[in-house]
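# Reading the structure
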Amino acid sequence: MRLIHAALPALLLAGITGGLVAQPGKPDPAAISGGTYTADPGHTLVKWEVDHLGFTPYFGIFGDITGTLQLDPKNPAAAKVDVTIPVSKVTTASAGLTAHLLRAGKDGKAADFFGPTPADARFVSTSVVVDGQAAKITGNFTLNGVTKPVTLDARFYGAGMGMGNKENVGFTATGSIKRSDFGVAYGLPMVGDEVKLEIVAGFTK
């Protein structure tokens, strides 16, 4: 029975000819037709990570991200990205921490982190410097009512026709911010100021 269960995924992927169905996406820029793409909120994620007391790193995730990407494969340096991140949907592995991130301040004081009704964060690119299939994307990042320039190291991941006969294009990116720059200073310096970012960005057209 275990062998049947182990083989079932491969059998389901097998085509009529007996071969496995190939993945529709591939790391080939020629698969990008260009134009305006819409962020896929189910497959666009921002992982954030901070140092916790010098013992371990701790991370959480933002999802349900919306926005647009304008991309011309013949002129990738002219690309423009504008995405909105719903801070109110922050997710961590700790229900207590998630609640704390969104908790109102006590006795009329400011919230420790974002508060119960935080404004969405937003990143709007201002320049793109391309190096092969990688790029440095600089833009204005707004969080907690503060806007600062942020640079991301991005890399093309894959493109192709996906479900619903829609063109998909995906990227990964890394970067960092100082949370104190955005008015989130609770726990410093025991909890790190630097927030490392890992981004998975999927867009469809």
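The present account deals with the structure reproduced in this document. Every chain is numbered independently, its residues counted from 1 as its sequence is written. Per-residue local features of the predicted model are confined to residues with pLDDT of at least 70, and side-chain atom pairs are confined, for both listing and counting, to 80 or more; whole-chain, interface and lining totals are unaffected and use all residues. Computation of side-chain values covers all heavy atoms of the structure but excludes hydrogens and water.

Let's shift gears to the overall build of the protein chain. To qualify as a helix, a DSSP run of H or I must reach at least 4 residues; to qualify as a strand, a run of E must reach at least 2; elements of each kind are numbered from the N terminus. Counting its regular elements, the protein chain contains two helices and ten strands. The secondary structure elements of the protein chain, listed N-terminal to C-terminal, are α-β-β-β-β-β-α-β-β-β-β-β. For each residue, the accessible area found with a 1.4 Å probe, counting protein chains only, is set against the maximum for its type, and the residue is called buried under 20%, exposed over 50%, and partly exposed in between. Per-residue burial over the protein chain gives 32% buried out of 205 residues. Two residues qualify as a contact provided that any one of their heavy atoms is within 4.5 Å of a heavy atom in the partner residue. Of the contacts formed within the protein chain by residues at least 6 apart in sequence, a portion of 52% connects residues at least 24 apart.

Quick look at the layout of surface pockets now. If you add up the space inside the second largest pocket, you get close to 650 Å³. Along the walls of the second largest pocket sit 24 residues, with Gly 25, Tyr 157, Gly 158, Asn 168 and Gly 170 positioned nearest its centre. Elements supplying a minimum of two residues to the lining of the second largest pocket: strand E8 (146-161), strand E9 (167-178) and strand E10 (194-204). Tallied by class, the residues present in the lining of the second largest pocket amount to eleven nonpolar, eleven polar and two charged. Put plainly, a pocket is an open set of points on a 1 Å grid over the protein atoms alone with protein on both sides within 12 Å along at least five of seven lines, a cavity is a set where a 1.4 Å probe fits but cannot get out, and a lining residue has an atom within 4 Å of a point. Grid points are joined across faces, edges and corners, and a volume is the space filled by probe spheres set on the points. Residue type decides the class: Asp, Glu, Lys and Arg count as charged, Ala, Val, Leu, Ile, Met, Phe, Trp, Tyr, Cys and Pro as nonpolar, and the leftover types, Gly among them, as polar.

Before going further, it helps to examine the pattern of salt bridges. A side-chain nitrogen of Lys or Arg and a carboxyl oxygen of Asp or Glu constitute a salt bridge if their distance falls within 4 Å. Taken as a whole and judged by the stated rule, the model has seven salt bridges. The closest approach of N and O atoms between Glu 198 and Lys 47, which form a salt bridge, is 3.8 Å. In this pair, Glu 198 is assigned in strand E10 and Lys 47 in strand E2 (residues 45-52), connecting sequence segments 151 residues apart. We note a salt bridge from Glu 167 to Lys 205, for which the minimum N-O separation is 3.8 Å. Remark: Lys 205 occurs in the segment after E10 and Glu 167 occurs in strand E9; sequence separation between them is 38 residues. One salt-bridge network, held together by shared partners, links Lys 47, Glu 49 and Glu 198.

Another point: a nonpolar patch on the surface. Residues Leu 45, Ile 61 and Val 200 make up a contiguous nonpolar surface patch of about 210 Å² in total accessible area. As for its placement among the helices and strands, Ile 61 is situated in strand E3 (residues 56-62). Patch membership needs two things, relative accessible area over 30% and no salt bridge, and members are linked within 9 Å if like-charged or within 5 Å if nonpolar (Val, Leu, Ile, Met, Phe, Trp, Tyr). All accessibility values rest on the Shrake-Rupley procedure with a 1.4 Å probe; residue burial counts only the protein chains present in the view.

Turning next to the packing of aromatic side chains. Between rings of Phe, Tyr and Trp, where Trp is taken as its six-membered ring, a pair exists when centres lie within 6.5 Å; planes separated by under 30 degrees are stacked, by over 60 edge-to-face, and by other angles tilted. Evaluation of the coordinates by the stated rule reveals three aromatic pairs. Ring centres 5.1 Å apart and planes at 70° place the aromatic pair Phe 113 and Tyr 186 in the edge-to-face group. Remark: Tyr 186 occurs in the loop between E9 and E10 and Phe 113 occurs in the loop between helix H2 (95-101) and strand E6 (121-131); sequence separation between them is 73 residues. Looking at Phe 113, the relative accessible area reads 14%, which means it is buried. For Tyr 186, a relative accessible area of 39% puts it in the partly exposed group. To sit over a ring, a charge needs its Lys NZ or Arg CZ within 6 Å of the ring centre and within 35 degrees of the ring normal. The ring of Phe 59 carries Lys 47 above its face, with NZ or CZ at 4.6 Å from the centroid.

Turning our attention to the environment of Ala 111. Position of Ala 111 relative to the elements: it lies in the loop between H2 and E6. Remark: the alpha-carbon pair of Ala 111 and Tyr 186, spanning 75 residues in sequence, is separated by 9.0 Å. Discounting chain neighbours no more than four positions away, the residues touching Ala 111 are Arg 103, Ala 104 and Gly 105.

This part covers the nonpolar core. Ranked by internal contacts, the top residues of the largest apolar core, which has 41 residues, are Phe 141 and Phe 203. What Phe 141 contacts, discounting residues up to four positions off in sequence, is Ile 85, Ala 121, Arg 122, Phe 123, Val 146, Thr 147, Lys 148, Val 150, Ile 177 and Phe 182. Put simply, a nonpolar core is a bunch of buried Ala, Val, Leu, Ile, Met, Phe, Trp, Tyr and Cys residues held in one set by side-chain atoms that sit within 4.5 Å of each other.

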